[in-house]
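# Descriptive structure summary
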Amino acid sequence: MTRPALPRFALGDPLPAPTSSDELRLRLATRRSAPAQALTEPGPSAEEIGDILTLGARSPDHGKLFPWRLVVLGRQSRAELAEALTPLAALQPEPNKAKAVLGKLTAAPVTIMVVSAPVPSQKVPEWEQQLSAGAVCMNLEHAANALGYSASWITDWYSYDPQALDILDVGGGEQVAGFVHIGTLAEAPLERPRPDLADRVTWRP
Ligand SMILES: Cc1cc2nc3c(=O)[nH]c(=O)nc-3n(C[C@H](O)[C@H](O)[C@H](O)COP(=O)(O)O)c2cc1C
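So, here is what we can say about the structure in this document. (Residues numbered from 1 in each chain as written. Predicted model: local features only at pLDDT ≥ 70, side-chain atom pairs only at ≥ 80, totals over all residues. Heavy atoms only, no water.)

### Remarks on the packing of aromatic side chains
One pass over the full model with this rule turns up 3 aromatic pairs. Centroid distance Tyr158 to Phe179: 5.5 Å. Interplanar angle 70°. Geometry classified as edge-to-face. With a gap of 21 residues between them, Tyr158 in the loop between strand S4 (150-154) and helix H7 (162-167) and Phe179 in strand S5 (residues 175-185) connect regions that are remote in the sequence. Neither Tyr158 nor Phe179 differs from the other in exposure class; each is buried. Following the ring pairs from residue to residue traces out a cluster consisting of Trp157, Tyr158 and Phe179. (Phe/Tyr/Trp six-rings, centres within 6.5 Å; stacked < 30°, edge-to-face > 60°. Helix = DSSP H or I, 4+ residues; strand = E, 2+ residues; numbered from the N terminus. Buried < 20%, exposed > 50% of the residue type's maximum accessible area, 1.4 Å probe, protein only.)

### Some details on the nonpolar core
Core analysis: the largest hydrophobic core is formed by 20 residues, its most contacted members being Leu85, Leu105, Met113, Trp157, Tyr158, Leu168 and Phe179. For this core, the elements supplying multiple residues, two or more each, are helix H3 (75-89), helix H5 (102-107), strand S3 (110-116), H7 and S5. The biggest single contributor to this core is H3, with 5 residues. Among residues more than four places away in sequence, those in contact with Leu85 are Leu102, Leu105, Trp157, Tyr158, Ala164 and Ile167. Membership of the second largest hydrophobic core comes to 18 residues, among which are Ile49, Cys137, Leu140 and Val180. (Core = buried A, V, L, I, M, F, W, Y, C linked by side-chain atoms within 4.5 Å. Contact = heavy atoms within 4.5 Å.)

### Side note on the layout of surface pockets
Taken as a whole, the largest pocket spans an internal volume of roughly 1800 Å³. Elements supplying a minimum of two residues to the lining of the largest pocket: helix H1 (22-29), helix H2 (46-57) and helix H6 (126-146). Counting residues per element, the lining of the largest pocket draws most heavily on H6, at 5 residues. Its residues placed into classes, the lining of the largest pocket shows 23 nonpolar, 12 polar and 10 charged. Approximately 170 Å³ is the volume attributed to the second largest pocket. Along the walls of the second largest pocket sit Ser116, Trp127, Gln130, Leu131, Gly134, Thr155, Tyr160, Gln175, Val176 and Ala177, which together make up its complete lining. Taken together, the elements giving at least two residues each to the lining of the second largest pocket come down to H6 and S5. Here the element with the most residues in the lining of the second largest pocket is H6; it accounts for 4 residues. (1 Å grid on protein atoms, 1.4 Å probe; cavity = no way out; pocket = protein on both sides within 12 Å on 5 of 7 lines; lining within 4 Å. Points joined across faces, edges and corners; volume = space filled by probe spheres on them. Nonpolar A, V, L, I, M, F, W, Y, C, P; charged D, E, K, R; others polar.)

Written out as structure tokens, the structure is:
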């Protein structure tokens, strides 16, 4: 599908104000993560992945530090990672489950690993930099949805296991913010529990 190129802006350009969009409102009301293992072809083209990266990187971050990096993982690299991680699955508290969830790593057509990479700053606490990496994950999901794909933001044990992090080439104060798997769902996802806002929201005059 041919789409118009994303608009580009120079530093300091005035940006268009938000416009009311019933379509976007409905999309957000029906947004749902995909089960990673159910994501299949078609996945985004290289050009579409470029758009998804551009849109995902357009995320808030205090101090303009860009405290994250993104690794696009195609099928081959994920198959190799899953093979290298398999012996470590046996060392996890639930080895069978740990091995089974490796299937989530290899199922989707494409995956973007979001690595939180805080930079030293007197001004911006590390926590805020990590939140920015989370915002990137969410915006990657929104971007994938905007291009007509489903997405799944997950972590799993290999995002925390020190040896797995070596295999993933994540280190030096970095953390995995998430694997954003992108593809197509054959069946509609089912609604899941949503919070009762009365429990979560306080209104103050
Ligand atoms: C930071 C983060 C980590 C997650 N890690 C996992 C995971 O390890 N395994 C998993 O099955 N789902 C994981 N999920 C996905 C959630 O379990 C769930 O699918 C998702 O929040 C559904 O929300 P949605 O339908 O509103 O998109 C993670 C989600 C977030 C935000």
